[in-house]
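A structural walkthrough
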Amino acid sequence: MQMQMQLQRHTFALRNVNQIQRAPLSSPQVVTMKAQMREIHSLLKWVDDVKEGGMRKKKLVYNHEDWLKHRSSTRHIRHFMSSLSSRVILSLIPPVCIFTGIAALVGAYNTVVGEYGFLSLPLIHANSLPYQLTAPALALLLVFRTEASYARYEEGRKAWTRVIGLVTDFARQANTGIRHPDDTHLKHQLLDYIMAFPFALKCHIIYGSDIRCDLERFLPENDISVVLSSQHPPNCIIQFMSECLRQLHLNDHERHSFDSHLSQFNDSIAVCQSLIETPIPLSYTRLTSRFLVLWHLTLPIILWDQCEWIVVPATFISAASLFCIEEGNGSDPEIN
């Protein structure tokens, strides 16, 4: 009899376990959490899309009117009013919101524990001396990051300026130096290839570029198909130019002069590719990112004794300022 009762109890327990295991996971709480996670993921994806879209946006080439606007005494108001359209500021939404929320949680916990003595739990606070000692290190990391980023920008700007200068000089020499009556068609082809080269290079180094749309203005459909099927469009354009030079009626000095331009084109390709393929040392960028995260995770704890609830706006301002510097110089600018 006792054996039967124990067997019935075990059978009842197993049934309960099976019912729990077979219970659907789509409870209201789980559904709400999944919906919130989808919303957060959508927000993060939107921020990344805005940032990448800004990277591909055509950069402004300044003229005299633009410089006057840039030096205007009302530029600060204009810059502030356009904050919501800034890709750098929009990309700060996730980290700034997260660290401000953590500061609010720390403030709420310390308020409940300190004023009401909830469960005799300890306050989350610490001495500010470690921050005073590490603040110069964080400042140096951000300064070195800024200098490295702008050095790469300057190198890319010089490389692209050199490409434009080479294209202009090459086109001038081809237009004035090729005079044989049988070379008229080849000269026009060569000039089209010369003008197409910077666009092919631009599309090669900038993600998401429409190379067909750029090359349709210079090349026939057959050449465009060959360029699109090649693994390296700029080198393919250089091969087209080399074939044109081979068929032209040139003396040795003119041929050597034209070939030197092609060699300089190859050098420019190497410089541009090195900038795109080789970022700032990852160990350095990751160290700066980790330092910033740890700094703002512990900032409310350090400031609580002196500031109390002011830690929330203080954390917001600190995260917005320092992450803005890191974000503004963190994405290596592509040559546009």
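Our subject in this report is the structure included herewith. (Residues numbered from 1 in each chain as written. Predicted model: local features only at pLDDT ≥ 70, side-chain atom pairs only at ≥ 80, totals over all residues. Heavy atoms only, no water.)

The next subject is the pattern of salt bridges. Under the defined criterion, the tally for this structure stands at 6 salt bridges. Between Arg 212 and Glu 221 there is a salt bridge whose closest N-O contact spans 2.8 Å. Look at Arg 212 and you get partly exposed, because its relative accessible area is 30%. Measuring nitrogen to oxygen at the nearest pair gives 2.4 Å for the salt bridge that ties Glu 243 to Arg 246. Linking Glu 243 with Arg 246, this pair stays in helix H11 (residues 233–247), spanning 3 residues, or about one helical turn. What makes Arg 246 exposed here is its relative accessible area of 54%. (Salt bridge = Lys/Arg side-chain N within 4 Å of Asp/Glu carboxyl O. Buried < 20%, exposed > 50% of the residue type's maximum accessible area, 1.4 Å probe, protein only. Helix = DSSP H or I, 4+ residues; strand = E, 2+ residues; numbered from the N terminus.)

Turning next to the packing of helix H8 (residues 184–205) against H11. Running from amino to carboxyl end, H8 crosses H11 at an angle of 165 degrees, the nearest separation of the two axes being 8 Å. Our classification of the angle between H8 and H11 gives roughly antiparallel. The hand of the H8/H11 crossing is left-handed. From H8, Leu 186, Gln 189, Leu 190, Tyr 193, Ile 194, Phe 197, Ala 200, Leu 201 and His 204 reach across to H11, where they touch Pro 233, Pro 234, Ile 237, Ile 238, Phe 240, Met 241, Cys 244, Leu 245 and Gln 247. Residues belonging to the contact of H8 with H11 are distributed by class as follows: 15 nonpolar, 3 polar and no charged. (Axes fitted to C-alpha atoms, helices over the stretch in contact; angles between N-to-C directions. Parallel < 35°, antiparallel > 145°, perpendicular 65-115°, else oblique. Left-handed = near helix turned anticlockwise from the far one by under 90°. Contact = heavy atoms within 4.5 Å. Nonpolar A, V, L, I, M, F, W, Y, C, P; charged D, E, K, R; others polar.)

Moving on: the side chain of His 296. Counting through the fold element by element, His 296 comes out in helix H13 (residues 282–307). The exposure class assigned to His 296 is buried, which follows from its relative accessible area of 0%. A polar contact is formed between the side chain of His 296 and the backbone nitrogen of Ala 319, at a distance of 3.3 Å. What His 296 contacts, discounting residues up to four positions off in sequence, is Phe 99, Tyr 131, Thr 315, Ser 318, Ala 319, Leu 322 and Phe 323. (Polar contact = N/O pair within 3.5 Å; in protein donor to acceptor, adjacent residues only side chain to side chain.)

A word on the nonpolar core. Judged by nonpolar contacts, the single largest core of 40 residues is most densely connected at Phe 170, Leu 190, Phe 197, Leu 219, Ile 237, Met 241 and Phe 265. Secondary structure elements with two or more residues in this core: helix H7 (129–177), H8, helix H9 (211–215), helix H10 (221–229), H11 and helix H12 (252–277). Top element by residues in this core is H8. It accounts for 11 residues. If we ignore the near neighbours within four places in the chain, the residues touching Leu 190 are Phe 170, Ala 174, Ile 178, Met 241, Cys 244, Leu 245 and Leu 248. Counting residues in hydrophobic clusters, the runner-up holds 13 residues, among them Val 96, Leu 292, Trp 295 and Ile 302. (Core = buried A, V, L, I, M, F, W, Y, C linked by side-chain atoms within 4.5 Å.)

The full count for this structure, using the stated rule, is 9 aromatic pairs. For the ring pair Tyr 150 and Tyr 153, a centre distance of 6.5 Å and an interplane angle of 70 degrees mean the geometry is edge-to-face. Placement of both Tyr 150 and Tyr 153 in helix H7 is noted, with a separation of 3 residues, approximately one turn of the helix. When the ring of Phe 170 is compared with that of Phe 258, the centres are 5.6 Å apart and the planes differ by 40 degrees; the resulting orientation is tilted. Residue Phe 170 is located in helix H7, and its partner Phe 258 is located in helix H12; the two are separated by 88 residues in the primary sequence. By relative accessible area, Phe 258 is classed as buried at 3%. Through a chain of ring-to-ring contacts, three or more aromatic side chains come together here, namely Phe 170, Phe 197, Phe 258 and Phe 265. (Phe/Tyr/Trp six-rings, centres within 6.5 Å; stacked < 30°, edge-to-face > 60°.)

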